[in-house]
Amino acid sequence: MISAEKIPNNVDLHMNKRLQRALEHWQPAYIQWWKDMGPQGFQHYHQVYVRTAISVDSAGWAHFEYVKLPEYRWGIFLADPVVNRTIGFGDFYGQPVWQEVPGEFRNQLRRLIVTQGDTEPASVEQQRWLGHRCPSLYDLRNLFQVNVEEGRHLWAMVYLLHSYFGRDGRDEAEDLLARQSGNRDKPRILDAFNEPIDTWLDFFMFTMFTDRDGKSQLLSLSESSLDPLSRTTRFMLTEEAHHMFVGETGITRIVKRTAELMRSEEIGFSGDVRKLGGIDLDMIQRHINLWFSLSLDLHGNEISTNAAAYFSNGLKGRAEEDKWSEHRVIEDIYKLEAVENGEVKKIDVPMRNAMNEVLRDWYVDDCLGGIGRWNKVLEDHGLSDRLKLPDRKFNRGIGQYADVHFTPDGSYLTKEEWARRKHEWLPTPADKIYLLSIMNTPIYEPGKFANYIAPPTRGVKGRPIDFEYVRTEM
Ligand code: BYC
Ligand code: FE
Ligand code: FE
C-alpha cells in the first residue's frame, strides 16, 4: 500500500492524523478502482511521461517523469489563500469567507461537491478503452495525463468530503467509487457522463466541450464562500486548461488533416476524404452538435431554485464574479428565451433563478473562440466550408427546450420532422462504425500519426514530437 507520505500535498496532511487515516483507508479502494475502471491494458507494463503536481507554484506543478499509471502520485493541493478574502456575492456579500461548513448549508454544499466529484472518475471510466485506438504516442500520453488529473480531481473532492463532512462525507467518498459510468443500477449522476467515449473524435470533442463545462462549474465554485472549496477548485482550473488544450488542438489537427486530404491529388481534388481514411467536415460538425448540446445540458435548468439558493447563500457564484458590477443581484432581471405552448418568446426571470443560464452564456462564449480557430485552419487552406456551434435550443435533454425540437439553426421542428431528420445533424451508427474502422489499428510507433490527424506543432515540455511518450517496460 502507498503511504500518506506518498500523497504530495500542501495541506499539512501529516499534522492531521484523523484525516490521514481516513484517506489511507480510502486510498486502496481508489487504486483498485483505477485498476478496474481506469485505462484498460495500460496498468502494469507501460511507463507514461506525465506531469505530477508536487506543489502549487508554477515550477512545482510542472514536474515531469515516467511513471506506471497505478503508481501516479495523486496529491492534494489548494491554491494559496487570499488574505482577508470576503464573500463576493449573494446575501452574505462582504462578510469574511468560511473556513468551516455552516450547518444550515451542509446538505447543499455536500451535494455540490458530490456532483462535481462524480464527474471526475466518470470521465476516466468513459475513456478507458481509448488507449487501444490511439492515433499516436503523443496523443496516448495526453489521454493518460487527462485521466490521472481527473483522478486527482476526485481526490480533491474526497479531501473536502473527508475533512468537512464527517461520517456522511466518508460514505459519499465511498459511493464515488461505487457508481459507474453507464451502469444501469448505479449510474453516474449527470447525463453526459454515462455515454461511453469510443472514438478519438468523441474524446477530443469531450475534452473541448465537456471539460469546458468543468471550467465553467469550477470557475463558479471557485467564487464560493467556503474557502477550502474555492482554493481547491482554483488549483483544479490550472489542470483543466490542459484538458481543453488537448481537445481544442486535437480537433484543430483533425481539421487540418481533413483540409489537406480534401485538396489531395490522390482523390482528384474531390474532397472525398474517406477514401483516404480521413474524417469529413460534416461528420466533425455532427460531433460538435452532439457534444456541445450535451454539455449545455450539464449547466442545469434555465430556471432553477437550486441555482438561486446556491447564489443567495454564497455557495456557488457566477464565473468571474468580479467582472459584474452588482453582486447581490436582488432586483436584476434576466431575459430568457422560453418556450410557451410550443412558441419561443422572451420572458423576464429574476436573475438569481436564472444563474444556470447566466453561466451557460459564459460557456457558449468561451466555446466560440475554439470554433473560430478551427475555421481559421479551413480558411488558411483556401476552403470556404465553416464549422459552427448549433443553436442552444438544439437537441436539449434538460430545461425549457427538452420536450421541443429545433434545427441547429434554431428553427422549430415537429416531433415527426425531428425523428426523420435528426441524423442529418447528430452522429449516426454508420459514423461510429466508420470512425472505429479508421482507429482500429493503434499507432504506437514514436513520431507516427494516424492518417486522419496532423502531428502537433510541438511536443510536450520541450520534448520532440517523436519522443517515446509512452514506453513499454516488462
Ligand atoms: N443530468 O435546478 P436544476 C466536470 C437535475 S463537469 C442529470 O437545474 P441545478 C468534468 C438536478 O440534479 C462539471 N440531472 O439543478 C468534465 C436536479 O435534480 P433534483 C461538473 C440533471 O442543481 C469533464 C433537477 O435536475 N460540476 O467537472 O441547478 C471531465 C433540477 O435541476 C442535470 C458540476 O456540475 C443533468 N445534466 O443544476 C471531468 C458542479 N441537470 O434536485 C469532469 C456541481 C440538472 O430534482 N453541480 N439535473 O433531484 C451543480 O452545480 C448543479 O448540480 C448542476 C445542476 C449545474 C449540474
Ligand atoms: Fe476534472
Ligand atoms: Fe478536465
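Sequence order as written defines residue numbering, which begins from 1 separately in each chain. Chains carry letters and ligands carry numbers; both start at the beginning, A for chains and 1 for ligands, and go up in the order they are written. In keeping with the predicted nature of the model, local features appear solely for residues at pLDDT of at least 70, side-chain atom pairs appear and are counted solely at 80 or more, and the whole-chain, interface and lining totals rest on all residues.

**Q** What's the story with the overall build of the protein chain in this structure? I'm lost.
**A** Starting at the N terminus, helices and strands are each numbered in turn, a helix being any DSSP run of H or I of at least four residues and a strand any DSSP run of E of at least two. When helices and strands are counted, the protein chain shows eleven helices and seven strands. Computation of the radius of gyration draws on C-alpha atoms, with the globule rule given as 2.2 Å multiplied by the number of residues to the power 0.38. Over its C-alpha atoms the protein chain spans a radius of gyration of 23 Å, differing by no more than 12% from the 23 Å that the globule rule assigns to 474 residues. Taken along the three principal axes of its C-alpha coordinates, the protein chain extends 70 × 65 × 40 Å. Two residues qualify as a contact pair if the distance between their C-beta atoms, derived from the backbone, is within 7 Å. Of the contacts formed within the protein chain by residues at least 6 apart in sequence, a portion of 70% connects residues at least 24 apart.

**Q** I keep staring at unusual backbone geometry and nothing clicks. Help me out?
**A** Of note in the backbone geometry, Asn 84 takes a positive phi value of approximately 55° without being a glycine. Relative to the helices and strands, Asn 84 is located in the loop between strand 2 (63-67) and helix 2 (106-126). As a rule, residues whose C-beta atom has 12 or fewer other C-beta atoms within 10 Å are exposed, those with 20 or more are buried, and those in between are partly exposed; C-beta atoms are placed from the backbone. The class for Asn 84 is exposed, based on 7 C-beta atoms found within 10 Å. Of note in the backbone geometry, Val 329 takes a positive phi value of approximately 55° without being a glycine.

**Q** In this structure, what is going on with the sheet that holds strand 2? I would like to understand it.
**A** Think of a sheet as strands paired side by side through backbone hydrogen bonds, with each pair either parallel or antiparallel. Criterion used throughout: strands pair if DSSP finds at least two bridges between them. Spatial ordering of the open sheet is given by 2-1-7, a layout of three strands whose pairing is antiparallel. Single-partner strands in this sheet number two, and they are strand 2 and strand 7 (470-472). Adjacent strand axes in the sheet meet at a mean angle of 25°, parallel and antiparallel pairs treated alike. Pairing between strand 1 (residues 46-52) and strand 2: five bridges, direction antiparallel. Residue Val 50 lies in a different strand from strand 2, and its bridge partner there is Glu 65. On top of the sheet, helix 3 (residues 137-164) reaches strand 1 and strand 7; it is set at about 60° to strand 1, its chief contact. Axis lines are fitted through C-alpha atoms, for helices just across the contact stretch, and the angle between N-to-C directions can take any value from 0 to 180 degrees.

**Q** I tried to follow the nonpolar core on my own but got confused; where do I start?
**A** One recurring pattern in soluble globular proteins: nonpolar side chains tend to sit buried together. Core analysis: the biggest nonpolar cluster contains 111 residues, and Ile 113, Phe 144, Val 158, Met 205, Ile 254 and Trp 291 have the highest contact counts within it. Take this core: its biggest share by element is 15 residues, from helix 3. In contact with Phe 144, other than residues within four places in its own chain, are Pro 39, Phe 42, Val 48, Val 50 and Leu 69. In this usage, the nonpolar core is the set of buried Ala, Val, Leu, Ile, Met, Phe, Trp, Tyr and Cys residues whose C-beta atoms join them within 7 Å.

**Q** What exactly am I supposed to notice about the site of ligand 1 here?
**A** As a structural note, the neighbourhood of ligand 1 is formed by 25 residues, with Ser 123, Gly 214, Gly 300, Asn 301 and Ser 304 the closest of them. Elements supplying a minimum of two residues to the shell around ligand 1: helix 2, helix 5 (200-221) and helix 8 (305-312). Among the elements that line the shell around ligand 1, the one with the most residues is helix 2, at six residues. Any residue outside Ala, Val, Leu, Ile, Met, Phe, Trp, Tyr, Cys, Pro, Asp, Glu, Lys and Arg is labelled polar, Gly included; the first ten of those are nonpolar and the last four are charged. Across the shell around ligand 1, the residue classes break down as five nonpolar, 13 polar and seven charged. Any residue whose C-beta atom, as set from the backbone, lies within 6 Å of a molecule or strand is reported as near that molecule or strand.

**Q** Honestly, the environment of Ala 192 in this entry has me stumped. Any pointers?
**A** Tracing the backbone shows Ala 192 in the loop between helix 4 (166-178) and helix 5. Accessibility expressed as a C-beta count within 10 Å gives 24 for Ala 192, which makes it buried. Sequence spacing of Ala 192 and Ser 123 is 69 residues, and the spatial spacing of their C-alpha atoms is 9.4 Å. With near-sequence residues (within four places) excluded, Ala 192 lies in contact with Thr 210, Leu 294, Ser 295, Asp 297 and Leu 298.

**Q** Whenever I open this one, the packing of helix 5 against helix 7 (residues 281-297) confuses me. Can you help?
**A** When two helices pack together, their arrangement is given by the angle between their axes and by how far apart the axes lie. Packing of helix 5 against helix 7 leaves a shortest axis separation of 9 Å and a crossing angle of 30°. In terms of their interaxial angle, helix 5 and helix 7 are classed as roughly parallel. Here helix 5 runs over helix 7; the crossing is right-handed. Where helix 5 abuts helix 7, its residues Leu 201, Asp 202, Met 205, Phe 206, Phe 209, Thr 210, Arg 212 and Asp 213 lie against His 287, Ile 288, Trp 291, Phe 292, Leu 294 and Ser 295. Grouping the amino acids of the contact of helix 5 with helix 7 by side-chain chemistry returns eight nonpolar, three polar and three charged. Working definition: roughly parallel below 35 degrees, roughly antiparallel above 145 degrees, roughly perpendicular at 65 to 115 degrees, and oblique for all remaining angles. For a crossing to be left-handed, the near helix must be turned anticlockwise from the far one by less than a right angle; the clockwise case is right-handed.

**Q** Quick question: what am I supposed to make of the environment of Leu 143 here?
**A** With respect to the secondary-structure elements, Leu 143 resides in helix 3. The exposure class of Leu 143 is buried, given the 23 C-beta atoms found within 10 Å. Separated by 13 residues in sequence, Leu 143 and Leu 130 place their C-alpha atoms 8.2 Å apart. Those residues within four positions of Leu 143 in sequence are excluded, and the remaining contacts are Gln 127, Leu 130, Gly 131, Cys 134 and Phe 203.

**Q** Would you take a moment to explain the packing of helix 6 (residues 227-262) against helix 9 (residues 355-380) for this structure?
**A** At their nearest, the axes of helix 6 and helix 9 sit 9 Å apart, and the two run at 20° to each other. On the basis of their axis angle, the class for helix 6 and helix 9 is roughly parallel. Between helix 6 and helix 9 the crossing geometry is right-handed. Here Glu 248, Ile 251, Thr 252, Val 255, Lys 256 and Ala 259 of helix 6 come into contact with helix 9, specifically with Gly 370, Arg 373, Trp 374, Val 377 and Leu 378. Split into classes, the residues belonging to the contact of helix 6 with helix 9 amount to six nonpolar, two polar and three charged.

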